[in-house]
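Listed here are the chains, written in short residue letters.
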Amino acid sequence: MKNNLIAFINKQKLFNKHHKIVVAVSGGIDSIALCYLLYNAGFSIAIAHCNFRLRGKESDEDEIFVKKIAQKLKIPFFLAHFNTKNYSESKGISIQMAARDLRYAWFEEIRKKNNYDYIAIAHHGDDEIETFFINLIRGTGLAGFHGIKPKMGKIVRPLMYSNRKEIEEFVKKNKIKYREDSSNASLKYIRNKVRHELIPFFKKINPEIEKIIHVEINRIRQVEQEFLKIVEEQKLAIVTKENELLKINIEKLIALENRELYLYEFLKPYGFSGDIIHQISDSLTRESGKKYFSSSHRIIKDRSSLILSGENQVLTQSFKINKSTKKIEIPICLQLKSIPYTNQFVIRKENNFAMIDLDKLSFPLILRNWEAGDYFHPFGMKGKKKLSDFFTDLKLSLYDKENSWLLCNKNGDIIWVVGYRISEKYKISTKTKNIYFVEKIKK
């Protein structure tokens, strides 16, 4: 088995004898086998063990067992204790997902801190089949069926060439001790249901089902590679990036024959569920203004684009600006200065500049988001105008409206709709003696 392991590592270009490897060892048969195989093959390894505090005394005994193996082999040992239940509840995720998030984050932390090259996980061929069925049950799109990749970034899986039966034979032949996790027999976990009930059921129908699924996974992986090339071509034509925003052109998206499929691929990295993506796809020809949310991002359906941004709530607090303030960087970046007015002064007409009659101002000034019902007297226009109508005239997107800022006098009057127009009331005139000069700086 050791020769097969080395051959697989070389074929998949996982790592070599010059690399340092952190091996994730739970104490179970798979991780123990991986640890001994890599050690006996002459690789430079360390052991990392997580105590998730989920099985009381049993978890502590696993920890002691794994630590003794590290001492026996005279290799470095890393240990972490996690309050997995509290983390699960605070994040609103399952215990299994919580444990996964915690251990992978910690593995990467110790890898970097201790100058290791890769993290070795003991997944094998049977895990790939179980994952295939789990993803089928949950619904994960094409990517859920391409199998467990032997190498993803700094994560390597050297046992993917093997299966559970071969691992059991190796451990038995070499009289290697391991810990049996009692939770592996519990049918409350979906993986165990798949392992102990679903796969045996299919094997009764076709004893070769595992071999067949491995073949199909390989085909799906090849199809996915070709498909993703096409997705990337369409993405370049349809999706654009502007500052911190992604914009998906609605007209071009609608023209695609399978628009929901492409939309799923475009939005998959941002946590949107299949149901939400279906709703977005279904709304493309309807009126604008609708919002959709994932746990981390938001989409606004504008007239011509789907606008993707981080899911930040619109700020409602206000910020004070004193007369002595020269620069602010939160919530937006503004440079401010007072200068005397002379006949040689040249008025800047760019939208990111505001030149205001200083003597009409009362400090501290207020910087805030716009609110429904706001109105002001736009420079160059007759009479007051609702800010909502002003934005409509400018054809601003909903995102741009929500992220607009107002520079206001102490009494609440709007001085400048930042980046768009100053108020007629505060413009420079022949009577102006001092100018308050404000520039909006792009971050």
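In case you missed it, the structure is sitting above this.
Residues numbered from 1 in each chain as written. Predicted model: local features only at pLDDT ≥ 70, side-chain atom pairs only at ≥ 80, totals over all residues. Heavy atoms only, no water.

> Would you mind going over the packing of helix 6 (residues 125-138) against helix 9 (residues 209-238) in detail, with residue names and values included?
Viewed as axis vectors pointing N to C, helix 6 and helix 9 meet at an angle of 70°, and their least axial separation amounts to 10 Å. One way to sum up the angle between helix 6 and helix 9 is to call them roughly perpendicular. Here helix 6 contributes Gly 125, Asp 126, Glu 128, Ile 129, Phe 132 and Phe 133 to the contact with helix 9, which in turn contributes Glu 210, Ile 213, His 214, Ile 217, Ile 220 and Arg 221. Tallied by class, residues from the contact of helix 6 with helix 9 come to six nonpolar, two polar and four charged. (Axes fitted to C-alpha atoms, helices over the stretch in contact; angles between N-to-C directions. Helix = DSSP H or I, 4+ residues; strand = E, 2+ residues; numbered from the N terminus. Parallel < 35°, antiparallel > 145°, perpendicular 65-115°, else oblique. Contact = heavy atoms within 4.5 Å. Nonpolar A, V, L, I, M, F, W, Y, C, P; charged D, E, K, R; others polar.)

> Explain the pairing of strand 11 (residues 305-310) residue by residue, including any values.
Strand 11 sits mainly inside the fold: five of its six residues count as buried. Sheet topology note: the strand 8 (residues 245-249)/strand 11 ladder contains four bridges and is antiparallel. If you follow Ile 248 over to strand 11, its bridge partner there is Leu 306. The sheet contact formed by strand 10 (residues 297-301) and strand 11 spans five bridges and is antiparallel. Residue pairing in the sheet places Arg 298 in a bridge with Ser 309 of strand 11. (Buried < 20%, exposed > 50% of the residue type's maximum accessible area, 1.4 Å probe, protein only. Pairing = 2+ DSSP bridges.)

> Account for the side chain of Lys 401, with residues named and values stated.
Its location among the elements puts Lys 401 in helix 14 (residues 398-402). Lacking a salt bridge, the buried Lys 401 has Asp 302 as its closest oppositely charged neighbour, with an N-O distance of 7.1 Å. Here Lys 401 is in contact with Trp 370, Phe 391, Thr 392 and Leu 396, once residues within four sequence places are set aside. (Lys, Arg positive; Asp, Glu negative; His and termini not counted. Salt bridge = Lys/Arg side-chain N within 4 Å of Asp/Glu carboxyl O.)

> Tell me about a negative patch on the surface, and name the residues and values.
On the surface, Glu 166, Glu 168, Glu 169 and Glu 180 cluster together into a patch of negative charge. Take Glu 180: it is sitting in the loop between helix 7 (164-173) and helix 8 (190-205). Judged by relative accessible area, which is 55%, Glu 180 ranks as exposed. (Patch = residues over 30% accessible without salt bridge, like charges linked within 9 Å, V, L, I, M, F, W, Y side chains within 5 Å. Areas by Shrake-Rupley, 256 points an atom, 1.4 Å probe, with all protein chains shown as cover. Charge placed at Lys NZ, Arg CZ, Asp CG, Glu CD.)

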